[in-house]
4 protein chains.
Amino acid sequence: MKNQNEAKSKKRKYSIILGNLGNTCDRFLSSGYKDPLDKELMLDQAASIEGVTGIELVGTWDIDDKSVDKMKTALKSRGLVCSSIIPDLFARKQWGEGALASASASIRRQAVAEVNTMTDIVVELGGNLINIWPGQDGYDYPLSADYLQERRWMTESIAKCVEHAKKKRVKIALEFKMKEPRTHSYLARTADTLLVAKDIGESNVGVCIDTGHSFLAYENVGESVAMLKMAGNKLFHMHFNDNFGSWDDDMIVGSIRLPEYFEMLYWMEKTGFNGWFSMDQYPYREDGYGAVRSSVLFLQRMHKLLDETGLDKVEELIRQRDPVATSAFIRDNLIAQ
Amino acid sequence: MKNQNEAKSKKRKYSIILGNLGNTCDRFLSSGYKDPLDKELMLDQAASIEGVTGIELVGTWDIDDKSVDKMKTALKSRGLVCSSIIPDLFARKQWGEGALASASASIRRQAVAEVNTMTDIVVELGGNLINIWPGQDGYDYPLSADYLQERRWMTESIAKCVEHAKKKRVKIALEFKMKEPRTHSYLARTADTLLVAKDIGESNVGVCIDTGHSFLAYENVGESVAMLKMAGNKLFHMHFNDNFGSWDDDMIVGSIRLPEYFEMLYWMEKTGFNGWFSMDQYPYREDGYGAVRSSVLFLQRMHKLLDETGLDKVEELIRQRDPVATSAFIRDNLIAQ
Amino acid sequence: MKNQNEAKSKKRKYSIILGNLGNTCDRFLSSGYKDPLDKELMLDQAASIEGVTGIELVGTWDIDDKSVDKMKTALKSRGLVCSSIIPDLFARKQWGEGALASASASIRRQAVAEVNTMTDIVVELGGNLINIWPGQDGYDYPLSADYLQERRWMTESIAKCVEHAKKKRVKIALEFKMKEPRTHSYLARTADTLLVAKDIGESNVGVCIDTGHSFLAYENVGESVAMLKMAGNKLFHMHFNDNFGSWDDDMIVGSIRLPEYFEMLYWMEKTGFNGWFSMDQYPYREDGYGAVRSSVLFLQRMHKLLDETGLDKVEELIRQRDPVATSAFIRDNLIAQ
Amino acid sequence: MKNQNEAKSKKRKYSIILGNLGNTCDRFLSSGYKDPLDKELMLDQAASIEGVTGIELVGTWDIDDKSVDKMKTALKSRGLVCSSIIPDLFARKQWGEGALASASASIRRQAVAEVNTMTDIVVELGGNLINIWPGQDGYDYPLSADYLQERRWMTESIAKCVEHAKKKRVKIALEFKMKEPRTHSYLARTADTLLVAKDIGESNVGVCIDTGHSFLAYENVGESVAMLKMAGNKLFHMHFNDNFGSWDDDMIVGSIRLPEYFEMLYWMEKTGFNGWFSMDQYPYREDGYGAVRSSVLFLQRMHKLLDETGLDKVEELIRQRDPVATSAFIRDNLIAQ
């Protein structure tokens, strides 16, 4: 019986953010490094990646209230489901100086309405997760923001989104990022974000860890996962990518690091995470399909190695608290012989 | 009436960590860069710094159960008070692999006992604040610690210290630091530490912000102060120093930054902080007395500029949310004409 | 006589990059945070900033072979001169995988031709400086570039630009930046760039220090200026902005730091720098005119304080090698009383 | 014949820094985390690590003019050779404010003499390499050093060491490190150090790359190796360890990163590096022997994978300049199946 349950829990759900397959720009080359891709082709590509069953959509870029039916059909015909919608709170000029924490009550209302609309849409698409990344909510300069007031607005706005979502049985994951596009964001790190979720105090609000955002903040993702477990299953969603540790480079998973990925997957498994393993990258110059697929394949390999090792053996290792034993484990189990 | 109250609130309390005046070492020069100083001389120096009335003592280094009476006399004779004791949880071999979160139940008990002893001593010295910096509680390598278990131990141990301190009417400030001497600490940032304090849930447990630790974590201290206010006056203590932003360089205050210091002092004032402004530096090569005094003088200058400006004018500025206005303010009010 | 010479040398030349006054975008909001500004209005604004006499133009964005005459007239009518042209090697899809160090010989030829065209244009505009920022020349991932080959191509391409410029009596300043838009650039830091300049070995090739790029690389700009002096007056150009030390935030000068700016201006003066003090910012959300003007005013204030202090007094200070004396100097000379 | 030559070139020389096996301290626990180890035992341990034939000695800590004969015998009896001596320019109070670049001419003379003595000793021990790490040569605060003067002294002092070493047919490797124990070092990065070596212009002066120092400076070690090749075989020595990218954590090799190690070994091989692969760690709490041996085993595994892959195949890969292909290569060749 145990094995059956275990096997069931091992049925992991992989997902990708649709836009990762398309064109990407930066502040120097605003038209982007590649040509825009047809959305249907991107969906075909997504569906063709081994083991990928979920698609994460970004508001404005991928979905709005006019394109719901079309997207519903497009997903269904490919056997895909909507793993989450990320409401657009960052890609329109109106959010430029803040959205959920904007000093303008009108903008805050619009931002909440935007999230709520996406909540309704995700239900229509058969999904149950909204991932809020409030990229414009923060500040750039010292002595240029009223932190006390703006942080309160932030919490109030999110609380309204959570309340609406609760009625629709939708979960809200809050995605933090220390900086960019602001030099300082209000949802900056795991603990900051957990504090906001706890202040709101509803069961349908939790945290999304983007691995790159966590590395950027010098967090250890495995520890962040444990921290969210201690607060009561508050890890709602995961975004995967890699970076060099000092910026959100949004690279292919496993391009730099190895043991950290293995460790975080262990902790997700150990703490009963049953959400989506979703890819979130910015393949500026490289082929989008290839880059996203590479990340999925890397994670699946790590999952395979984790399954072969078994949770007990990893637990035994970490309880030794001995970096020499850990190094032997890495050589024996994670790198090529 | 208002002015009188205001004047009263402006009676700020400056303090220094005694050891800052003495010899300091690093991992390459373990005997230290200077000669050891006589403790009585250090106390004389401390007492001679304009406006300094508090002394922060470090367990083992400055105080233990045998030297209480002597220290009490030494402080009193110089008109100094004990602003806080920092229990030694980092400078003995026994704490090398952890103290409050050690995997050894015996070590955890000893660590709690150490804190409690210092709580008793601080009361004897007429003080009411213990500053816990659990420098050895954390880990160094991925896949080498059981975060879930160790973070629970951490909270349990601190809860015991808080309980004991409560009976003695002593406050416990938890001082965070992202890294060093471990590559990762369990009390890493403002929000992480506030979460632990909230989990314990007693009124006598709060947070100490060391400005350098906050800069190291890419926090904005002003925002951290506001965050602790939102949680209900949880800023218990302040340590001051400056750095280049990527390590705890423990430099003289104001050696690099300017507007950030002014801003954090504004927020402390605004949120009713009435604790100590305590200097915490590591003057490896420079004269300890001169270095610590320089920091005090810098802070007093900033306080003077803040008083002359007035809270209202700063509030007006930050509500403009306009970096151009902020830049003009800096030129007109903070830098030399 | 000495005073006259000194007064003459104090006639500092301030400049701005024209595009700083206009719209700016990032990877999330590609249409930009503001509305596009009319170029004539931007030139009016530039001309109205106290003490600004130079305009730095960016290829493609501000100038091409069709708009030379118009720009010439526009500058002249406002009493402005062209302080430099920054050839566009970063803002067209064709440079996306490299320009001067591209693996394609054809792209490298086009990149050299682009620079040479701008060299001809700068002469027509009455200027004598080309500032090369090869933003796309670098790589993103380990194991994805042939450093040896690409660095050779880089040097060869620049050598060709230098050769052409030499005939036209134009100087080439090489602007380094550790990263962005690539995760790693070939011209990364002061010393790396100086090495390339020395390899080319012509008198008309030198280095541009962008203060923010230097901070990002954990350089001390004052020391970098001294390093370029030791190699024989190799500091050709300066770009000014501020940041938090871990990204090219491109903020208003003096928003974070103070003594470092004073120090670098001292070293420029001390080493006989007689080029442009040019502003290079990215005022995403704040008013462009106000942001750039604020930087100019801050620098002018620092220059005034430097003149009042005198080089001798600063030299005396730095030769004390005493951070306590430095701290007193900062309190007495740089911050408000 | 080719294969024979290739096999010969594959006879790689592994070495360790002797002190890594002993006790290590930091600024908080100056007595160290472990008990001091007997030097003979440390040598036994070193000799027992598979493939290790070289020992790197640190002046003062491991060797002085009185212990030469004893060390010579101790090494010989264990079949070990002296891979290099690192003169002590950092672990005595006299070097606290600088050694080779000290403002005191007397200290500079002593520092040069110290290096020269070690040069003589290394010859007696049968070695031919001195590794200079001038840890105290730099500065801590802005406006507290005369960079121009001190950098000149630095170069002059090193030139004297190089001159003496040349007569003895000894090579001098200059080891850079951006910071620690000073906040800024004069030998900070690969290019900075290469510039100094080129200024001196002797064939027996080159660079030592400590991988952790390079990561700390956001360098890509593979690229740094290529840069030193371009300047004419200027990579003289290698120190190996791992870190999290923002401090010299001195961890076991391969604890964090994977592809970067493989890449740098490729470039060393490709550019004909025939020096020592020497371990340089700080196993504060973990077993020294186990930690150092783990690094050696990791590197040997990487070398084995490199040999099995072959240089041609790696070259083919990097010339594709395609991160997707690189990701497939990592999955197929570097991580466990």
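Residues numbered from 1 in each chain as written. Chains lettered and ligands numbered in written order. Predicted model: local features only at pLDDT ≥ 70, side-chain atom pairs only at ≥ 80, totals over all residues. Heavy atoms only, no water.

1. A word on the pairing of strand S6 (residues 171-175) of chain C
A regular strand places its side chains on the two faces of the sheet in alternate fashion. All names here are of chain C. Most of S6 is tucked away, with four of its five residues classed as buried. In terms of strand pairing, strand S4 (residues 129-132) meets S6 through four bridges, oriented parallel. Its bridge partner lying in S6, Ile 130 is registered against Ile 172. In this sheet, strand S8 (residues 205-210) lies alongside S6 in parallel orientation, the contact comprising four bridges. Across the sheet, the residue bridging to Ile 172 is Val 205, located in S8. (Buried < 20%, exposed > 50% of the residue type's maximum accessible area, 1.4 Å probe, protein only. Helix = DSSP H or I, 4+ residues; strand = E, 2+ residues; numbered from the N terminus. Pairing = 2+ DSSP bridges.)

2. Brief notes about the relation of the copies chain A and chain B
With an RMSD of 0.0 Å, chain A superimposes on chain B once it is rotated by 180° and translated 0.0 Å along the axis. Each copy turns onto its partner about a two-fold axis. Measuring from the rotation axis to each C-alpha of chain A, the shortest distance belongs to Ala 191 of chain A, at 2.7 Å. The residues that chain A uses at the interface reappear at the interface of chain B in 100% of cases, marking a shared surface. (Least-squares fit on C-alpha atoms with pLDDT ≥ 70 in both. Contact = heavy atoms within 4.5 Å.)

3. Observations concerning the relation of the copies chain C and chain B
For the pair chain C and chain B, the superposition axis carries a translation of 0.0 Å, the fit reaches an RMSD of 0.0 Å, and the rotation angle comes to 180°. A high fraction, 100%, of the interface residues of chain C reappear at the interface in chain B, so the copies pair face to face through one surface.

4. A word on the packing of helix H8 (residues 221-230) of chain C against helix H5 (residues 147-167) of chain D
Interaxial distance between H8 of chain C and H5 of chain D falls to 9 Å at its minimum, and their mutual angle equals 60°. Classified by the angle between their axes, H8 of chain C and H5 of chain D sit oblique to one another. In terms of crossing hand, the pair formed by H8 of chain C and H5 of chain D is right-handed. The segment H8 of chain C lies against H5 of chain D, with Gly 222, Glu 223, Ala 226, Met 227, Lys 229 and Met 230 of chain C engaging Tyr 147, Leu 148, Arg 151 and Arg 152 of chain D. (Axes fitted to C-alpha atoms, helices over the stretch in contact; angles between N-to-C directions. Parallel < 35°, antiparallel > 145°, perpendicular 65-115°, else oblique. Left-handed = near helix turned anticlockwise from the far one by under 90°.)

5. Quick look at the packing of aromatic side chains
What the rule picks out here adds up to 74 aromatic pairs over all chains. When the centroid spacing of 6.3 Å and the interplanar angle of 75° are considered together, the rings of Phe 28 of chain A and Tyr 282 of chain C count as edge-to-face. Of the two residues, Phe 28 of chain A sits in the loop between strand S1 (13-17) and helix H2 (39-48) while Tyr 282 of chain C sits in the loop between strand S10 (276-279) and helix H10 (288-309), which places them in two different chains. Residue class for Phe 28 of chain A comes out buried when judged on its relative accessible area of 7%. The rings of Phe 28 of chain A together with Tyr 33, Trp 61, Phe 90, Trp 133, Tyr 282 and Tyr 284 of chain C are connected pair by pair, giving a single aromatic cluster. (Phe/Tyr/Trp six-rings, centres within 6.5 Å; stacked < 30°, edge-to-face > 60°.)

6. Points about unusual backbone geometry
Residues and elements named next belong to chain A. Going from Glu 180 to Pro 181, the amide bond is cis rather than trans, its omega being 5°. Mapped onto the elements, Pro 181 comes out in the loop between strand S6 (171-175) and strand S7 (184-185). Phi is positive for Glu 180, close to 75°, though the residue is something other than glycine. Relative to the helices and strands, Glu 180 resides in the loop between S6 and S7. One non-glycine residue with positive phi stands out, namely Asp 250, at about 55°. The residue Asp 250 is located in the loop between strand S9 (235-240) and helix H9 (259-270) in this model. For Asp 250, a relative accessible area of 4% gives the class buried.

7. Focus on the interface of chain A and chain B
The accessible area lost on association of the parts is a frequent measure of interface size. Contacts between the two partners involve 51 residues from chain A, matched on the other side by 51 residues from chain B. Between chain A and chain B, roughly 4,700 Å² of surface is buried when both sides are summed, and carbon and sulfur atoms account for 63% of that area. Of all residues in chain A, Leu 143, Tyr 218 and Arg 321 of chain A bury the most surface against chain B, accounting for 19% of the area lost on that side. Summed over the shared surface of chain A and chain B, the result is eight salt bridges. A salt bridge links Glu 150 of chain B to Arg 321 of chain A, with the nearest nitrogen and oxygen atoms 2.4 Å apart. The interface formed by chain A and chain B holds 24 residue pairs in polar contact (both at pLDDT 80 or more) in total. Tallied by class, residues from the side of chain A that touches chain B come to 27 nonpolar, seven polar and 17 charged. (Buried area = accessible area lost by both parts, 1.4 Å probe. Salt bridge = Lys/Arg side-chain N within 4 Å of Asp/Glu carboxyl O. Polar contact = N/O pair within 3.5 Å; in protein donor to acceptor, adjacent residues only side chain to side chain. Nonpolar A, V, L, I, M, F, W, Y, C, P; charged D, E, K, R; others polar.)

8. Looking at the side chain of Ser 185 of chain B
Its location among the elements puts Ser 185 of chain B in strand S7 (residues 184-185). Within the structure, the side chain of Ser 185 of chain B is placed 2.7 Å from the backbone oxygen of Lys 177 of chain B, a separation counted as a polar contact. Among all residues touching Ser 185 of chain B, those that are not within four sequence positions of it are Glu 223 of chain A together with Asp 137, Gly 138, Lys 177, Met 178 and Lys 179 of chain B.

9. A short note on helix H2 (residues 39-48) of chain B
Residues and elements named next belong to chain B. By the burial criterion, the buried members of H2 are Met 42, Leu 43, Gln 45 and Ala 46. The arc that holds every buried residue of H2, seen down its axis, measures 160°, which confines them to one face. Residues of H2 that are buried sit in contact with strand S1 (13-17), strand S2 (52-58), helix H3 (68-77) and helix H10 (288-309). For H2, the side-chain oxygen to backbone nitrogen distance between the N-cap and Glu 40 is 3.1 Å, and the N-cap itself is Asp 38. (Arc of directions from axis to C-beta.)

10. Side note on the pattern of salt bridges
Any two side chains of opposite charge can pair if their charged atoms end up close together. Following the criterion strictly, the structure yields 116 salt bridges over all chains and no others. Put simply, Glu 50 of chain A and Arg 293 of chain A hold a salt bridge, and the shortest N to O gap is 2.9 Å. Residue Glu 50 of chain A is located in the loop between H2 and strand S2 (52-58), and its partner Arg 293 of chain A is located in helix H10 (residues 288-309); the two are separated by 243 residues in the primary sequence. Using a relative accessible area of 27% as the deciding quantity, one classes Arg 293 of chain A as partly exposed. Between Lys 66 of chain B and Asp 65 of chain B there is a salt bridge, and its shortest N-O distance comes to 3.6 Å. For the pair Lys 66 of chain B and Asp 65 of chain B, one class covers both residues: exposed. Overlapping salt bridges, with partners in common, bring together Arg 27 of chain A together with Lys 177, Glu 180, Asp 248 and Asp 250 of chain C in one network.

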